[in-house]
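Commentary on secondary and tertiary structure
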Amino acid sequence: MESKSRISAFGTQLIEIHDWLREQLARLRADVDAGVAQPRKLQAHCLTFCAALTKHHTGEDAGVFPVLAQRFPELKPVVDELVRDHEIITVMLNRLEDVDFTDRPNALREINGVEAIMESHFTFEERKIVDALNSMEFPVR
């Protein structure tokens, strides 16, 4: 029996998390576009989305990325770029959290900005590190 068990396809799980976050942002956009949701509901949904994305990136920065850079030194520049993206996304999420959802054009501009950087970041991350993540073994707690 092995002392470590492999977490099944950690990179694939990363893509699933990204897809869920994409869906959450799409739902927020749809609610803003439709103009049917109350601003308080939109703000609550926004805060939930922002918190989930922040938690995801914080976990990567503190846990997965240092291990990945150590195990695959050639990915260190990629990891550094992903961390820089996280800093930019944090600034954009802070702006989104402060958005006045009664101002639909401005709310949609902020959502568009987050969506653009998030999609670029997720696509880059998935292309560059998923295979490495899927090849790694992590201890199961």
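Right above here is the structure, for reference.
Read on for an overview of the structure. Here the residue index of a chain counts from 1 through its sequence in written order. Given that the model is predicted, a residue must reach a pLDDT of at least 70 before its local features are reported, and side-chain atom pairs must reach 80 or more before they are shown or counted; all residues, however, enter totals for whole chains, interfaces and linings. Excluding hydrogens and water, the side-chain figures rest on all heavy atoms present in the structure.

**Points about the overall build of the chain**
Working definition: helices are DSSP H or I runs of at least four residues, strands are E runs of at least two. Numbering for both runs from the N terminus. Per the secondary structure count, the chain includes four helices and zero strands. With the principal axes as the frame, the chain shows a C-alpha extent of 55 × 30 × 20 Å. Counting only residues that meet the buried cut, the chain has 41% of its 141 residues in that class. Note on contacts: a residue pair qualifies if any of its non-hydrogen atoms lie within 4.5 Å across the two residues. Taking all contacts inside the chain whose residues are at least 6 apart in sequence as the whole, residues at least 24 apart take part in 79%. Only four residue types enter the tally: Lys and Arg on the positive side, Asp and Glu on the negative side, with His and both chain ends excluded. Where a charge lies is defined by one atom per residue type: Lys uses NZ, Arg uses CZ, Asp uses CG and Glu uses CD. Counting 17 positive and 24 negative side-chain charges, the chain places the averaged centre of each group 1 Å from the other. Residue exposure (1.4 Å probe, protein chains only): buried if accessible area is under 20% of the type maximum, exposed if over 50%, otherwise partly exposed.

**So, the packing of helix 1 (residues 10-34) against helix 4 (residues 104-135)**
Angle between the axes and distance between the axes are the two parameters that describe a pair of packed helices. Running from N to C, helix 1 and helix 4 cross one another at 170 degrees; their axes reach a closest spacing of 10 Å. One finds that helix 1 runs roughly antiparallel with respect to helix 4. Considered class by class, the residues forming the contact of helix 1 with helix 4 number 16 nonpolar, six polar and eight charged. Think of each axis as a best-fit line through the C-alpha atoms, taken over the contacting stretch in the case of a helix, with angles from 0 to 180 degrees between the N-to-C directions. In what follows, roughly perpendicular refers to angles from 65 to 115 degrees, roughly parallel to angles under 35, roughly antiparallel to angles over 145, and oblique to any angle outside these ranges. Amino acid classes used here: Ala, Val, Leu, Ile, Met, Phe, Trp, Tyr, Cys and Pro are nonpolar; Asp, Glu, Lys and Arg are charged; the rest, including Gly, are polar.

**Quick notes on the pattern of salt bridges**
Salt bridge criterion: a side-chain nitrogen from Lys or Arg within 4 Å of a carboxyl oxygen from Asp or Glu. What the rule picks out here adds up to six salt bridges. A cluster of three or more residues bridged by salt bridges with shared partners is formed by Asp19, Arg22, Glu119 and Glu126.

So yeah, pure geometry; function would need other evidence.
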